[in-house]
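Given next are the chains, with one letter for each unit.
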Amino acid sequence: MRLQTGARRGIALVVVVLMLAVVHITVMSSVVRAGPEADIVTLRIETARAFFAADSGVMVWLREDAAGQTPEPGEVLTLNEQRVLFVESPEAGESGTLVVEGQSGRARRRVMINLE
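Remember, predicted model here, so these are calculated numbers, not experimental data.

> Outline the overall build of the protein, listing residues and values.
Secondary structure summary: the protein contains 1 helix and 4 strands in total. On C-alpha atoms alone, the protein measures out to a radius of gyration of 29 Å, which is more than a quarter above the 13 Å that the 2.2 N^0.38 rule sets for 116 residues. Taken along the three principal axes of its C-alpha coordinates, the protein extends 100 × 20 × 15 Å. Once local pairs closer than 6 in sequence are excluded, the contacts in the protein between residues at least 24 apart make up 39%. Counting every atom, the protein has about 8,500 Å² of accessible surface; 60% of that belongs to carbon and sulfur.

Structure below.
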């Protein structure tokens, strides 16, 4: 028994629609899995930037200490999209603990240095 031309076209259309549905489901499942991975990668980058901002804050503090003045505790320094917060800061030329917090996006990293 042979199918009529119209019936063949109908079957071909159903097959094409089913193939498109399979492709759509495959693409959507890969996109859904990529979302959390991209979020983790972004947080890792922000964490590295926060650490380097804290390290830069230490360098700024050491330069200021050599000049005879240091940033006050609570002072904030903005470096592009990162921030440096001086949490603890001994007076210029004195020993003590220097605590600097780098901030980038959601990430925060603290660097603590004992000065002698």
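> Any chance you could break down the sheet that holds strand β1 (residues 76–79) for me, citing the residues and the numbers?
Spatially, β1-β2-β3-β4 is the arrangement adopted by the 4 strands of the open sheet, whose pairing is antiparallel. A strand with exactly one partner marks an edge of an open sheet, and here the two such strands are β1 and β4 (107–115). In this sheet, adjacent strand axes meet at a mean angle of 20° when their direction is disregarded. Bridge count between strand β2 (residues 82–88) and strand β3 (residues 96–104): 5 bridges; the pairing is antiparallel. Bridged to R83 within β3 is Q103.

> Describe in detail the nonpolar core, supporting the description with residues and values.
One broad trend across soluble globular proteins is that nonpolar side chains are buried collectively. Judged by nonpolar contacts, A53, A54, V58, V60, W61, V84, F86, L98, V100, V111 and L115 together constitute the single largest core of 11 residues. For this core, the secondary-structure elements that each account for two or more residues are α1 (5–66), β2, β3 and β4. Top contributing element to this core by residue count: α1, with 5 residues. Setting aside residues no more than four positions away along its own chain, L98 makes contact with V58, W61, E88, S89, P90, V111, M112, I113 and L115.

Cut-offs applied
- Every residue gets a number counted from 1 within its own chain, in the order that chain's sequence is written.
- Totals for whole chains, interfaces and linings use all residues, but because this is a predicted model, local features are given only for residues with pLDDT of at least 70 and pairs of side-chain atoms are given and counted only at 80 or more.
- To get the side-chain values, take all heavy atoms of the structure and skip hydrogens and water.
- We count a stretch as a helix when DSSP gives it H or I for four or more residues in a row; a strand needs E for two or more, and each element gets its number in order from the N terminus.
- Throughout, the radius of gyration refers to the C-alpha atoms, and the reference size of a globule is 2.2 Å times the residue count to the power 0.38.
- Only heavy atoms matter for contacts: two residues are in contact if any of them lie within 4.5 Å across the pair.
- The method behind every accessible area is Shrake-Rupley, applied with a 1.4 Å probe, and residues are considered shielded solely by the protein chains displayed.
- By definition, two strands form a pair when at least two bridges between them are found by DSSP.
- A fitted line through C-alpha atoms represents every axis, and for helices the fit uses only the stretch in contact; the resulting angles, taken between N-to-C directions, go from 0 to 180 degrees.
- For this analysis, a nonpolar core means a set of buried residues of the types Ala, Val, Leu, Ile, Met, Phe, Trp, Tyr and Cys, connected via side-chain atoms within 4.5 Å.
- Residue burial is assigned from relative accessible area. The probe radius is 1.4 Å, only protein chains are included, and a residue is buried under 20% of its type maximum, exposed over 50%, and partly exposed in between.

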